[in-house]
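# Notes for the structure review
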Amino acid sequence: MARADVLPLPQRRAIWRVMARRYAHLPLLAPAVAVSVAVFWACMAVLVVMSVYPFLAAGTPRFTLDAWQRFLVDPFYWGVVGTTLRIGVVVTALSLLIGYPTAYAMSKIRRPGWALACYVVLFAPILVSVVVRTYGWLLLLSQTGAVNYVLRTLGLIGQPIPLIFNTTGIIIAMVHILLPFAVFPILSVVGQLTSDLKEAAMDLGANRWQTFRRVTLPLTLPGVVAAAQIVFTLTISAFVTPFLMGGGKVQILSGLIYRDMEAVNLAFASTVALILLALAMAILAASNVLVRRSYSRAEVLRT
Amino acid sequence: MTLVGADRVEDDVELREVSKRFGPVLAVDRVSLQVRRGEFFSLLGPSGCGKTTTLRIIGGLEYPTAGEVVLRGQVVTDVPPYRRATNMVFQHLALFPHLAVFENIAFGLRLRGLPSDVIARKVDDVLQLVDLPGFGTREIHQLSGGQKQRVAIARALVNEPAVLLLDEPLGALDLKLRLQMQAELKALQHRVGTTFLYVTHDQGEALTMSDRIAVMNQGRIEQVGTSQEIYARPQTRFVAAFIGEANFLEGRIAASAPDGVLVSVDGLQVRVAGDGSLPVGAPVTVSIRPEHVKLGAAAAGAANRWDGRVQDMTFMGAVVRATVALASGIAVVAEIQNDAAVGLAPGDAVVAGWAPQHTVVLAR
């Protein structure tokens, strides 16, 4: 500071200009930072406080770890964590398996009309309420629904198979709802892949599968990871679809939060919410660390 | 495999009446050519002439609409690129950004399932060959343009292809580096003895590097020959205009002379050396390179010699270009050494002439 003062005026002005240019983008961040700090991090802090001061609202705060202890020692709650993670993993895997080929095919469409049609078909369901879509799936998948009817008519099954009020139903509906969130990040990366890298691989002796395995997949991995992270976090924190499709028979973490909020058991609800958050963050961090090495080179490609 | 004649075995690549149609566009039009073993062969032509498509057909990256591709005596038209004994150096190199230099070069060897010690030795050898020893651990983005170029060549060469296909690989480099890489590429080809099939739109590049050149235009091969043949004996007006520069005079065959033909051009009788296979009266174009047009005393012995007047002079460094208007209004461009141009100025009367053996007759 003192040194800047001894500089002649034109130079001081030049320094200010450089600083102004360097930090000119900061005001653009302000709204997002403000919302994030006020709504998210402040609420998180409140959650932490509420999970250890159960009677804060009643005006008799008393520090206790009862809620945390109850969650962590009861195997039932670990089972709920397991179910939640299992649904998250299966939905993520299925969304990627369906979403990757979809994104790949969409990137190949050259006619603008057809590309637009694809986007509309894939993304239009987002415009329909999740509740409406979930009830649609309940109709389709029920014992007397269209899916069981077709399977029985074709003679593939003798008795209707239970597709709702269990994890199968949750998984089917979640994959449908979250598929656009898997396709979009992959599409944005696959679209940047130039055909000459694939041609180079084939020229060097790679058949189609080897080309995919050794060139296309590694170079599109950043998009796949982004898609997986989005789908996974949305799945484990989803409430409406698991609640309706599970029919109260499948316990997941978001259902626990709802149950304890209804019962005005705020300390336990806060604890479950924080555990859900911790799980999501831990899995995101782990996946980031795992793939960073493999795709740090691919990042360079796009700079 | 079929039995083939001894002369056929000498060819590494043969195209038989190959055509490629993209919708309404005929990109390659009945192209036939033979590339001999160990040859540096160039496909030269303006952009859009079909040279890259022809190269990609040989590499298997395009499927021809008609015709056959033969590699070392075997028809490979239906063989996919990954089972062809060709390797390509792509125009934009197409190095794998997610792999280091070593893995880029080892890509083809790994797919062939070679043991890792053999792969390591081959990669080291080829890095030595392209003058990049110890570069195996570098990432692609750490390399300069010229180094990327060499890695791309190494990645293709390490597979020991029957023919190395090069698609304008020097196009992205600046002039100085391009000239250096031309010399290195030619020297490399000499060392390894692999057949090189080189696509370029740069006539200078093709003339300096190639053993033989095929000049292409609008999907067809106009002429195949050595650099000297293509330059000194162009067979079509396109070749004469595309390679170097030329004066074109429109005329008709007037008579056959003892050692050539006489062409009448707007009243001038131009002597042309060589066998006159064209009938008297046939419309022709006469082509003369500017450096063969002599002015003043230098034109004294020339059989084609007329009085004219200097219209315009342009100093170009080592040479001076002078436009001379002959009687009857024909203008020819002469390129003369700058010391021979001393004392010459626009408006001066001057004699211009050229020898019959430097005059080429092209059928119209």
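Residues numbered from 1 in each chain as written. Chains lettered and ligands numbered in written order. Predicted model: local features only at pLDDT ≥ 70, side-chain atom pairs only at ≥ 80, totals over all residues. Heavy atoms only, no water.

A few words on the interface of chain B and chain A. Between chain B and chain A, the residue contacts involve 24 residues of the former and 19 residues of the latter. Here chain B packs against chain A, burying approximately 2100 Å² in sum over the two surfaces, 66% of which is carbon and sulfur. Summed over the shared surface of chain B and chain A, the number is one salt bridge. The salt bridge involving Glu-199 of chain A is made with Arg-56 of chain B; its shortest N-O contact spans 2.6 Å. When contributions to the side of chain B that touches chain A are tallied by element, the ones reaching two or more residues are helix 2 (51-59), strand 6 (86-89) and helix 3 (101-111) of chain B. (Contact = heavy atoms within 4.5 Å. Buried area = accessible area lost by both parts, 1.4 Å probe. Salt bridge = Lys/Arg side-chain N within 4 Å of Asp/Glu carboxyl O. Helix = DSSP H or I, 4+ residues; strand = E, 2+ residues; numbered from the N terminus.)

According to the stated counting rule, one finds 19 aromatic pairs over all chains in the structure shown. Arranged with centres 5.8 Å apart and planes meeting at 25 degrees, the rings of Tyr-119 of chain A and Phe-123 of chain A form a pair that is stacked. Placement of both Tyr-119 of chain A and Phe-123 of chain A in helix 6 (residues 112-123) is noted, with a separation of four residues, approximately one turn of the helix. Measuring from ring centre to ring centre gives 5.5 Å for Trp-306 of chain B and Trp-354 of chain B, while their planes differ by 55 degrees; the resulting arrangement is tilted. With Trp-306 of chain B in strand 16 (residues 304-315) and Trp-354 of chain B in strand 19 (residues 349-354), this residue pair connects regions lying 48 residues apart in the sequence. In this structure an aromatic cluster arises from ring pairing among Phe-71, Phe-76, Tyr-77, Trp-78 and Phe-268 of chain A. Above the ring of Phe-96 of chain B, the side-chain terminus of Arg-155 of chain B is found at 4.7 Å from the ring centroid. Residue placement shows Arg-237 of chain B over the ring face of Phe-248 of chain B; its charged tip is 4.2 Å from the ring centre. (Phe/Tyr/Trp six-rings, centres within 6.5 Å; stacked < 30°, edge-to-face > 60°. Lys NZ or Arg CZ within 6 Å of the ring centre and 35° of its normal.)

Here the focus is the sheet that holds strand 4 (residues 66-71) of chain B. Residue and element names in this part refer to chain B. Pairing in this open sheet of four strands is antiparallel, and the strands run 2-1-4-5 from one edge to the other. Here the strands that pair on one side only, and so sit at the sheet edges, are strand 2 (25-36) and strand 5 (74-75). Of the pairings in the sheet, the one linking strand 1 (residues 11-22) to strand 2 comprises eight bridges and is antiparallel in character. Residue pairing across strands places Val-13 opposite Val-35, the latter belonging to strand 2. Contacts between helix 2 and the sheet are confined to strand 1, strand 2 and strand 4, with strand 1 contributing the most and set at about 120 degrees to the helix. (Pairing = 2+ DSSP bridges. Axes fitted to C-alpha atoms, helices over the stretch in contact; angles between N-to-C directions.)

Moving on to the sheet that holds strand 7 (residues 163-167) of chain B. All names here are of chain B. Overall, mixed pairing links the six strands, which are arranged 6-7-8-3-9-10 in an open sheet. Of all strands in the sheet, those with a lone pairing partner are strand 6 and strand 10 (220-225), marking the two edges. When the angles between neighbouring strand axes are averaged without regard to direction, this sheet yields 20 degrees. With five bridges joining them, strand 3 (residues 40-44) and strand 8 (residues 195-200) adopt parallel strand pairing. Paired with Phe-41 across the two strands is Leu-197, which belongs to strand 8.

This part covers the packing of helix 3 of chain B against helix 5 (residues 145-157) of chain B. All names here are of chain B. At a closest axis distance of 7 Å, the pairing of helix 3 and helix 5 adopts a crossing angle of 30 degrees. Looking at the two axes, helix 3 sits roughly parallel to helix 5. Every pair of crossing elements has a handedness; the one defined by helix 3 and helix 5 is right-handed. Between helix 3 and helix 5, the residues in contact are Val-101, Asn-104 and Ile-105 and Val-151, Ala-154 and Arg-155, respectively. Split by residue class, the contact of helix 3 with helix 5 holds four nonpolar, one polar and one charged. (Parallel < 35°, antiparallel > 145°, perpendicular 65-115°, else oblique. Left-handed = near helix turned anticlockwise from the far one by under 90°. Nonpolar A, V, L, I, M, F, W, Y, C, P; charged D, E, K, R; others polar.)

Before going further, it helps to spend a moment on the domain arrangement of chain A. Many analyses report the size of an interface as the accessible area lost when the parts associate. Residue and element names in this part refer to chain A. The assigned domain composition of chain A is domain 1 (1-52) and domain 2 (65-301). Here domain 1 and domain 2 have C-alpha centroids that lie 36 Å from each other. Across the interface of domain 1 and domain 2, roughly 660 Å² is buried in total on both sides, 79% from carbon and sulfur atoms. Contact with domain 2 buries surface across domain 1, with Leu-47, Met-50 and Ser-51 losing the most and accounting together for 62% of the total. Our enumeration of links across domain 1 and domain 2 arrives at zero salt bridges. One can count one residue pair in polar contact (both at pLDDT 80 or more) joining domain 1 with domain 2. Partitioning the side of domain 1 that touches domain 2 into residue classes produces six nonpolar, one polar and no charged. (Domains from an automatic or database assignment. Polar contact = N/O pair within 3.5 Å; in protein donor to acceptor, adjacent residues only side chain to side chain.)

Take the domain arrangement of chain B next. Residue and element names in this part refer to chain B. Taken as a whole, chain B is organised into domain 1 (6-239) and domain 2 (245-363). Taken over C-alpha atoms, the centre of domain 1 sits 39 Å from the centre of domain 2. Listed by partner, the interface residues are eight residues for domain 1 and nine residues for domain 2. Summed over both sides, the interface of domain 1 with domain 2 buries roughly 760 Å², with 43% coming from carbon and sulfur. For domain 1, the biggest contributors to the area lost against domain 2 are Tyr-231, Arg-233 and Arg-237; these three give 74% of the whole. In this structure, the connection of domain 1 to domain 2 is made through one salt bridge. For Glu-250, the salt bridge goes to Arg-237, with nearest N and O atoms at 2.6 Å. Among the elements that line the side of domain 1 that touches domain 2, the one with the most residues is helix 8 (residues 227-232), at three residues.

Turning next to the environment of Arg-138 of chain B. Residue and element names in this part refer to chain B. Mapped onto the elements, Arg-138 comes out in the loop between helix 4 (116-129) and helix 5. Residues Arg-138 and Ala-100, spaced 38 residues apart in sequence, show a C-alpha to C-alpha distance of 5.7 Å. Leaving out residues up to four positions away in the same chain, Arg-138 has contacts with Ala-100, Val-101 and Leu-143.

Further remarks concern the pairing of strand 11 (residues 247-257) of chain B. The side chains of a regular strand alternate, first on one face of the sheet and then on the other. Residue and element names in this part refer to chain B. Examined bridge by bridge, strand 11 and strand 14 (residues 283-288) share six bridges and lie antiparallel to one another. Bridge pairing in strand 14 places Glu-250 opposite Thr-285. Here strand 11 pairs with strand 12 (residues 260-265) via five bridges, running antiparallel. Each residue of the ladder has a partner; that of Ala-255, found in strand 12, is Leu-262. The loop that links strand 11 with its antiparallel partner strand 12 comprises two residues.

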